[in-house]
Amino acid sequence: MNCRAVGRMAVAGAWLLALLLGGSAVAQPSATTLAWEAMPPLPSPRSGHVAGLVDGALLVAGGTDFPVSLFEGGTKTWYADAFLLPRGATAWQRLPDGLLPRPLGYAAVAPDGARLLVVGGNDATRHHADAFVLTRTGDRLARTALPPLPTPLAMAGAAVLGRTLFVVGGQVSPDAVEASRRVWALDLDGPSAAWREVAPLPGTGRILPVVVAQAGALHVISGASLAAGPDGRAVRTYLADGFRFTPAAGWTSIAPAPRPVVAAPAVAWGQSHVFVLGGDDGQLASQVATLRERHPGFSRDVLAYHAITDTWTSLGALPTPLVTTTALRDGDSLIVAGGEDRPGHRASTVSRATLQVTARAFGWLDYAVLAAYLLPLIWIGKRFSRQDDTREDFFLGGRRVPWWAAGLSIYATQLSAITFLAIPAKAYAEDWTYLPGNLSIILIAPVVILFYLPRFRGLQVTTAYEYLEHRFNLAVRLLCSAAFVALQWARMAIVLYLPALALAAATGMDIRLSILLMGVLCTVYTLHGGMNAVIWTDVLQSFVLIGAVVVSLALIVAGTGGDVGQVIGVGRAAGKFHMATWTPDATIASIWVVFFGNLVSHLVPYTADQAVVQRYFTTRDERQARRAIWLGAAMAIPSSLLFFGVGSALFAFYRTHPGLLNPSTPTDATFAWFIAQQMPPGVSGLVVSGVFAAAMSTLSGSINSIVTAIITDFTARLGPPRPEAAQMRLARTLTLVIGLAGTASALVLATWDVRSLWDVFLQSLGLFGGGLAGIFALGIFTRRATAAGALVGFVASAFVLAWVQQRTPLHFLLYAGIGTGAAFVLGYLASLASPAAAVEAQS
């Protein structure tokens, strides 16, 4: 088989297909709007009320109304009553008096899980500073006091960011002619709860701002400033500006709203959108007394702000214009209850909205292209099944794999579908801060070649863990091999599940179908062809996934206008090419955290992961293995630049066309959403093939390496001698069982609500990844380390890392280094404390 020719044909075919089937990504419109339906109306009209979901039930309490029309001399009335609409109910329940401490309106209200936080507010005579929590247990609602604000405040905005409640702006008294700029924060989980003042809002103070926590930041939009008029009373100026706040970076400006949205209900949607519903733009504020009951009402326009691209789009219209009320997120829908529909008039309407997205489905041509990629993989497996007569053939490709094929296989194994989708998403949502970490892999290659490879190849081992028995003892070998098997099995489920989840969210492809296609086909060709099939399909998949990324980048740039300079200019203006944060801070992605953390993270698979190390043993000799390692590491440089480039191009595309985003699509699925909606039919099938290629190259390596570890380190080492034919039957049986078990695990994740338990499982296993690398380093770089010390270091590193994760704010990129370092240092110290330290035999 001339696999160089296969690779050239794959890339050429990718480009030809892109040109024949459309050639460029055109901004294909996807209709996104809110579909509204009526819910049971409030028992009486209200605005400025407390509203929220309390343990799943809709609560409305307090608020104001004009029982007699404002324009007929009526006065505003404040209420203290409360009503509840349990989920599924068709009528409101009036709650016993006393839930609110007094008649209350215009308080700052923020949801906090199943409870509701209420701060400040006013009644007919004054503003208040008290704050409290509303909770529901069964049929009983309760009010629990929070520390009062340092100052009375009404018509402020509030939101919970992380575990901190922020209160922004407002008015300190009914006759105040200046709005507040102050921002108050309350730690909801702190041991001593007390309000603290943080950096004030930039610009002018304001009342009735939109305040929403989204994408890790507090967003403050619009509001009205106050100033004394000719009669000494406050006069409003309607604002459209906006600001973003994080505790680390403080305040920054964001794109202003298309118009003022004073007192608009708003809600965070998805991972990066804010929906702003209606609002008062002030256009008719000076004509209220003239228009009276003929006032057409406030704006009905629904606006969507996207926090990543810093853009605004339209999202349809409200059925009724409403202000001074709250928008509530309820699963996949939002609810707006009551409010002021025009000056001096309250509404009793309650409406629920769901997001409707009309999107292009993954079509027959896409499936045909995907099938055209998948079917040859089965042929490759069958092609090599006739050559796998021995364990060395099945596990090591007969040690006759060309160095360039082994190198591409190392590269493909390390590049999972999660990486294929997540790196562009990271660059799209943030910047290039993580690129230096990806490039650091090139520094690992000489370390592996100089220190590890000679030991591995000199012993002619099949698994890396055989070296550990030679260096330490059998117990260390078995423990580390078992840890590897558990880690790889868990990884298999995630490698299948996460890309299938992203594809399902973006393309509509059934998540179970994606998992089955990848899992079953990968198992089949690995079962038939062993390591030869794994490596040669990796070679094909390397060309497919690189071709898919190149085609994607070209089409994204074309869809943005076809000008690379424009894409770069948009990204540069938004800081998307920022690559290094120079600070000693170890809690953020500073340059040294990213570089050092990734450097050690790369050391783990290149030295202690059988799925990677096994490739070192497939070449004819050590010289060829060295070249394979260099190629696998070097491939990270152009591919990282491509993946980060795709992310920056995606940002430029969606900043130019923000209305084409799906607000419900997770950020990590943005690339998949573009593939499904903006690429021509057929080309999207090609790029989805790239996602499949990335997943299956990782999966096949995991399956074969697990089987290799089980047979070599356990059954062959501990069991009675078996004929070669019997061992081959066992190898193929285990390949089938492990492949299907990994596929079944991914299906369980997709079908059952076990993801939180799975997260705990993965975190527990992840505690040992760095320990594995630490034990190998202990054997390679020290002569006094003992088996007992290695075992102590391995176990102790897990406890150290668990403590670091739970008790310190250190950035997660440092975890691999901490685990590796702890295993090495503690293992060495334990060895020194042992009665006798073994000296490694020199070969």
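Residues numbered from 1 in each chain as written. Predicted model: local features only at pLDDT ≥ 70, side-chain atom pairs only at ≥ 80, totals over all residues. Heavy atoms only, no water.

Caption draft 1: Spatial organisation of the sheet that holds strand S15 (residues 195-198). The antiparallel open sheet is built from four strands, whose spatial order is S12-S13-S14-S15. Unpaired on one side and paired on the other, strand S12 (157-161) and S15 mark the two borders of the sheet. Neighbour-to-neighbour, the strand axes of this sheet turn through a mean angle of 25°, independent of strand direction. By the bridge criterion, five bridges tie strand S13 (residues 164-168) to strand S14 (residues 183-187) in an arrangement that is antiparallel. (Pairing = 2+ DSSP bridges. Helix = DSSP H or I, 4+ residues; strand = E, 2+ residues; numbered from the N terminus. Axes fitted to C-alpha atoms, helices over the stretch in contact; angles between N-to-C directions.)

Caption draft 2: Molecular detail of the nonpolar core. The biggest cluster of nonpolar side chains holds 154 residues, and the ones touching the most others in it are Phe 420, Tyr 616 and Phe 692. In terms of residue count, helix H11 (residues 511-560) provides more of this core than any other element does, 22 residues in total. For Phe 692, the contacting residues outside a window of four places in its chain are Leu 370, Tyr 373, Leu 374, Leu 503, Met 509, Ser 514, Leu 517 and Met 518. Judged by nonpolar contacts, the second largest core, of 19 residues, contains Ala 108, Ala 110, Leu 117 and Val 160. (Core = buried A, V, L, I, M, F, W, Y, C linked by side-chain atoms within 4.5 Å. Buried < 20%, exposed > 50% of the residue type's maximum accessible area, 1.4 Å probe, protein only. Contact = heavy atoms within 4.5 Å.)

Caption draft 3: Highlighting helix H18 (residues 683-718). For H18, which comprises 36 residues, the first-to-last C-alpha distance of 51 Å matches the rise-based estimate of 52 Å (1.5 Å per residue) to within 8%. The sharpest bend along H18 reaches about 35° and sits at Ile 711. Judged by how many residues are buried, H18 sits mostly within the fold: 30 of 36 residues are covered. (Expected span 1.5 Å × (residues − 1). Bend = angle between axes of the 7 residues up to and from the residue.)

Caption draft 4: Here's a closer look at the sheet that holds strand S16 (residues 210-214). Ordered in space as S16-S17-S18-S19, the four strands form an open sheet in which the pairing is antiparallel. Edge positions in the sheet fall to S16 and strand S19 (250-254), since each of these pairs with one other strand and no more. The mean inter-strand angle of the sheet, taken between neighbouring strand axes irrespective of direction, is 35°. Where S16 and strand S17 (residues 217-228) come together, five bridges link them in antiparallel fashion. Directly across from Val 211, in S17, lies its bridge partner Val 220.

Caption draft 5: Spotlight on the packing of helix H8 (residues 441-459) against helix H13 (residues 591-608). For the pair H8 and H13, the least separation of the axes is 10 Å and the interaxial angle reads 30°. Between H8 and H13, the interaxial angle falls into the category roughly parallel. The two elements H8 and H13 cross, and the hand of that crossing is right-handed. Contacts from Ile 441, Leu 443, Ile 444, Val 448, Tyr 452 and Phe 456 in H8 reach Phe 595, Leu 599, His 602, Leu 603, Tyr 606 and Thr 607 in H13. Among the residues making up the contact of H8 with H13, the classes are represented as 10 nonpolar, two polar and no charged. (Parallel < 35°, antiparallel > 145°, perpendicular 65-115°, else oblique. Left-handed = near helix turned anticlockwise from the far one by under 90°. Nonpolar A, V, L, I, M, F, W, Y, C, P; charged D, E, K, R; others polar.)

Caption draft 6: Broad picture of helix H6 (residues 417-429). For H6, built from 13 residues, the straight-helix expectation of 18 Å at 1.5 Å per residue is met to within 8% by its first-to-last C-alpha distance of 18 Å. Buried residues of H6: Ala 417, Phe 420, Leu 421, Ile 423, Pro 424, Ala 425, Ala 427 and Tyr 428, and no others.

Caption draft 7: Expanded view of the pairing of strand S8 (residues 108-112). Counted residue by residue, S8 has four buried out of five residues, so it is predominantly covered. Looking at chain direction, S8 and strand S9 (residues 115-119) are connected through five bridges and run antiparallel. Looking across to S9, one finds that Ala 110 is bridged to Leu 117. Remark: two residues form the turn of the hairpin made by S8 and S9, two consecutive strands paired antiparallel; Gly 113 in that turn has positive phi of roughly 70°.

Caption draft 8: The arrangement of a nonpolar patch on the surface in detail. Nonpolar side chains collect at one region of the surface, where Leu 516, Val 520, Leu 736 and Leu 740 lie side by side and expose about 290 Å² of accessible area between them. Of all the secondary-structure elements, those providing two or more residues to the nonpolar patch are H11 and helix H19 (724-751). Topologically, Leu 740 is positioned in helix H19. Given a relative accessible area of 41%, Leu 740 falls into the partly exposed group. (Patch = residues over 30% accessible without salt bridge, like charges linked within 9 Å, V, L, I, M, F, W, Y side chains within 5 Å. Areas by Shrake-Rupley, 256 points an atom, 1.4 Å probe, with all protein chains shown as cover. Salt bridge = Lys/Arg side-chain N within 4 Å of Asp/Glu carboxyl O.)

Caption draft 9: Layout of the packing of helix H22 (residues 787-807) against helix H23 (residues 815-833). Packing of H22 against H23 leaves a shortest axis separation of 7 Å and a crossing angle of 140°. The angle between H22 and H23 falls in the class oblique. In the packing of H22 onto H23, the handedness of the crossing is right-handed. Contacts between H22 and H23 involve Gly 789, Ala 790, Val 792, Gly 793, Ala 796, Ser 797, Val 800, Leu 801, Val 804 and Gln 805 from the first element and Tyr 815, Ile 818, Gly 819, Ala 822, Ala 823, Leu 826, Gly 827, Ala 830 and Ser 831 from the second. Partitioned by chemical class, the residues of the contact of H22 with H23 number 12 nonpolar, seven polar and no charged.

Caption draft 10: Main features of the pairing of strand S20 (residues 266-269). Summarising the sheet, S20 and strand S21 (residues 273-277) pair through four bridges and their orientation is antiparallel. Paired with Ala 266 across the two strands is Val 276, which belongs to S21. Between S20 and S21, which pair antiparallel and follow one another directly, the connecting turn spans three residues, one of which, Gly 270, has a positive phi of 65°.

Caption draft 11: Seen up close, the side chain of Ser 684. Tracing the sequence through the fold places Ser 684 in helix H18. The residues touching Ser 684, leaving out its near neighbours within four places in the chain, are Arg 360, Phe 362, Asp 366, Ile 675 and Met 679.

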